[in-house]
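Coordinates in review
Next come the chains, spelled out residue by residue.
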Amino acid sequence: MSAASCLLSEDPFLCSICLDVFTDPVTTPCGHNFCKNCINEHWNSNDQYLCPMCKEVFNIRPDMKVNTLFSEVVSQFRQEAQQKASSALKSCLVLLVFLVIPVCLAFIYVRTQLMDPVENLEDRMCTKHNKPLELFCKTDQTFVCVFCSVLDHKTHDVVPLKEEYERQKAELGKTEAEIQEMIQKRRLKIEEIKHSVDLSEEAADREKAEGVQVFTALKESVERSLNELIEMIEEKQRTTEKQAEDFIKELEQEISELKKRSSEVEKLSHSEDHLHFLQNFLSLKAAPPTKDWTEVSVHLSYEGTVVKVVAQLEKTLSKQMKKLFEAELKRVQQYAVDVTLDPDTAHPDLILSDDGKQVYDSDVWKKLPDNPERFSFYICVLGKQSLSSGRFYFEVQVKEKTGWTLGVARESFNRKGEITPSPEDGFWTIWLTKNYYFVLGDPPVDLSLKSPPQKVGVFVDYEEGLVSFYDVDAAALIYSFTGCSFTEKLYPIFSPLTNDGGKNSAPLIISPVNQTA
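This write-up is about the structure you can find in this document. (Residues numbered from 1 in each chain as written. Predicted model: local features only at pLDDT ≥ 70, side-chain atom pairs only at ≥ 80, totals over all residues. Heavy atoms only, no water.)

Comments concerning the overall build of the chain
Inclusion rule: In this description a helix means any DSSP run of H or I spanning at least four residues, a strand means any run of E spanning at least two, and both kinds are numbered starting from the N terminus. Here's how the labels work: a residue is buried when its accessible area is under 20% of the maximum for its type, exposed when over 50%, partly exposed in between, all with a 1.4 Å probe on protein chains only. Working rule for contacts: check all heavy atoms of both residues, and any pair within 4.5 Å makes them a contact. Accessible surface area values rest on a Shrake-Rupley calculation with a 1.4 Å probe, where residue burial reflects the displayed protein chains alone.
The secondary structure content of the chain amounts to 6 helices and 22 strands. In the chain, buried positions account for 31% of the 517 residues. Restricting the contact set of the chain to residue pairs at least 6 apart, pairs at least 24 apart contribute 58%. Summing over all exposed atoms, the chain offers an accessible surface of approximately 33,300 Å²; the carbon and sulfur share of this is 54%.

Some details on empty space enclosed by the protein
To be explicit about the condition: In this analysis, the protein atoms alone were mapped onto a 1 Å grid. Cavities are point sets where a 1.4 Å probe fits without being able to get out; pockets are open sets with protein on both sides within 12 Å along at least five of seven lines; lining residues have an atom within 4 Å of a point. Grid points are joined across faces, edges and corners, and a volume is the space filled by probe spheres set on the points. Basically, the charged four are Asp, Glu, Lys and Arg, the nonpolar ten are Ala, Val, Leu, Ile, Met, Phe, Trp, Tyr, Cys and Pro, and anything else, Gly included, counts as polar.
Enumeration over the complete set of coordinates arrives at 1 cavity of 30 Å³ or more. Approximately 40 Å³ is the volume found for the largest cavity. Surrounding the largest cavity, Tyr378, Cys380, Thr405, Pro421, Phe427, Trp431 and Ile493 form its lining. Within the lining of the largest cavity, the residues separate by chemical class into 6 nonpolar, 1 polar and no charged.

Side note on the sheet that holds strand S18 (residues 455–461)
This is how the line gets drawn: Pairing between strands requires that DSSP locate at least two bridges from one strand to the other. As a rule, the C-alpha atoms of each element are fitted with a line to give its axis, helices using only the stretch in contact, and angles between N-to-C directions run from 0 to 180 degrees.
Pairing is antiparallel across the open sheet formed by 7 strands, whose spatial order is S10-S11-S22-S13-S18-S19-S20. At either end of the open sheet lies a strand with only one pairing partner, and these are strand S10 (350–352) and strand S20 (476–481). Direction aside, the axes of adjacent strands within the sheet are offset by 20 degrees on average. Across 2 bridges, strand S11 (residues 358–361) lies against strand S22 (residues 508–511) in antiparallel orientation.

A look at the pattern of salt bridges
A side chain with one charge may pair with a side chain of the opposite charge, provided their charged atoms come close. Where we set the bar: Each reported salt bridge corresponds to a side-chain nitrogen of Lys or Arg within 4 Å of a carboxyl oxygen of Asp or Glu.
Enumeration over the complete set of coordinates arrives at 17 salt bridges. Lys138 is the salt-bridge partner of Asp157, the closest N and O atoms lying 4.0 Å from each other. Pair noted here: Asp157 is in the loop between helix H3 (146–150) and strand S9 (158–160) and Lys138 is in the loop between strand S7 (135–137) and strand S8 (142–144), with a separation of 19 residues, a long-range link. Residue class for Asp157 comes out partly exposed when judged on its relative accessible area of 40%. Residue Asp338 pairs with Lys357 through a salt bridge whose shortest N-O separation is 2.4 Å. Placement of the pair is Asp338 in the loop between helix H6 (305–333) and S10 and Lys357 in the loop between S10 and S11, with a sequence separation of 19 residues. Within the structure, one salt-bridge network assembled from shared partners comprises Glu207, Glu210, Glu328 and Arg331.

Focus: helix H4 (residues 161–269)
To be explicit about the condition: Under the convention used throughout, the expected extent of a helix is 1.5 Å for every residue step, that is, one less than its residue count.
With 109 residues, H4 extends 155 Å between its outermost C-alpha atoms, agreeing within 8% with the 162 Å of an ideal straight helix rising 1.5 Å per residue. Glu164, Glu210, Val214, Ala217, Leu218, Ser221, Ser225, Leu229, Thr240, Phe247, Glu254 and Leu268 are the residues of H4 that are buried.

Some words on the layout of surface pockets
Considering only enclosed or pocket space, the largest pocket measures out at about 790 Å³ in volume. In terms of lining residues, the largest pocket is bounded by 20 residues, among which Ala203, Arg331, Tyr335, Arg391 and Asp461 are the most central. Counting only elements with at least two residues in the lining of the largest pocket, the list comes to H4, H6 and S18. It is H4 that provides the largest number of residues to the lining of the largest pocket, a total of 8 residues. Among the residues forming the lining of the largest pocket, the class breakdown is 6 nonpolar, 4 polar and 10 charged. Quantified by volume, the second largest pocket comes out at close to 460 Å³. Along its surface, the second largest pocket is lined by 18 residues, and Phe325, Lys450, Ala474, Ala476 and Leu477 are the ones closest to its centre. For the lining of the second largest pocket, the elements supplying multiple residues, two or more each, are H6 and S20. Sort the elements by how many residues they give to the lining of the second largest pocket and H6 lands first, with 7 residues.

Structure, rendered in structure tokens:
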């Protein structure tokens, strides 16, 4: 039965068959009203067509039409009744008995708990005891009724729904606060990423501008050198042509003089005058004033011209490269870290300064605690500072040493046994031993340096997978490990190598970085 049927105060709006408000009301020939579906079902189940109210019998089944006017009145009444019901009714969780009271429009219950109207009242009832689910079992995390709490859950932690509701609501508030905090952190991370992109774009623009400037200068140098080469060759050619032209002119002049002498000789040879012949013979017999052309030649050699120009170009390019590396070094020096040596990692042969900035080999094994961090095979020591993201840079003085090792190493490498200190084993280092610079790897790399570095800079870009070594004084790149995959902390690693009978006694010194503008 609908809620509206509980509020009816007028029988004319009730169907006498279903006892509910009319639906599609129709009127019989005798004048009584019924729901269209109700009267049709009534006649379908009986042999006679009679009125349920007055019992009048119809010989022919009436063709029932919906009473339009009455239907509109009933519909209006139904709407008003539903509006009143929604403001006056409360759903009862334990519905035992109800009465229709037309005046007060309320239910009378044996036990009454009122709440806002709900559609799923049956879901709020205990299926086992048919009692309202008023309690919450925290042990089983389920809803229970009063009977459940003293029977199936008597040893469990059972609390009223309201108490659990308030607790969970407070917890929900914390969850909401946490969610909002997470949202805020992610928004900040978005801003951080956007800012990083902006900084990257600015750096890219600067790098492109510098690259354009450098390569434009290189291009201009090459073009200038090419023009100089062409001009030099053409000048040589012009000089050669002028020399040849002078030689030819001089030779033609001599030929002209010789032809003249030849004509005179020819003429004299036909003379019959003895006195005239003898008078002119002596002058014509003498050699004409000509040049000895035996060793004379035109030089057409251009050997060394290109080499000379390229050598000059190389000097120019070297200057440009030096400027480029100076700028690069200044950039990486911005990531300078104040590195100090970690005595807990130092090999027992090593002596560290009090300030943790110098280390050398003593050739004497000291009795020290053999903690897991300490080197016991390689004569090395680590820096205290580590890197697991970002970039860092430090400089080490290697002056007056004949052997050393510098670089970075991952945290988990073997410090006790013999290994190959290569990138495959977690070492990214360069070595000097017996005036031989090299990088251990697969394969090893020989380093050809123009001059021994006095101070070495080490730069690491964790995300980029880059470890670079610089000759600080020469502002030159020594070597770079590229495409590395770092997954652990990286520590600076230092080895002064053995003392070598005093030949390699100078210390490695961690130097302050001079960050020039």
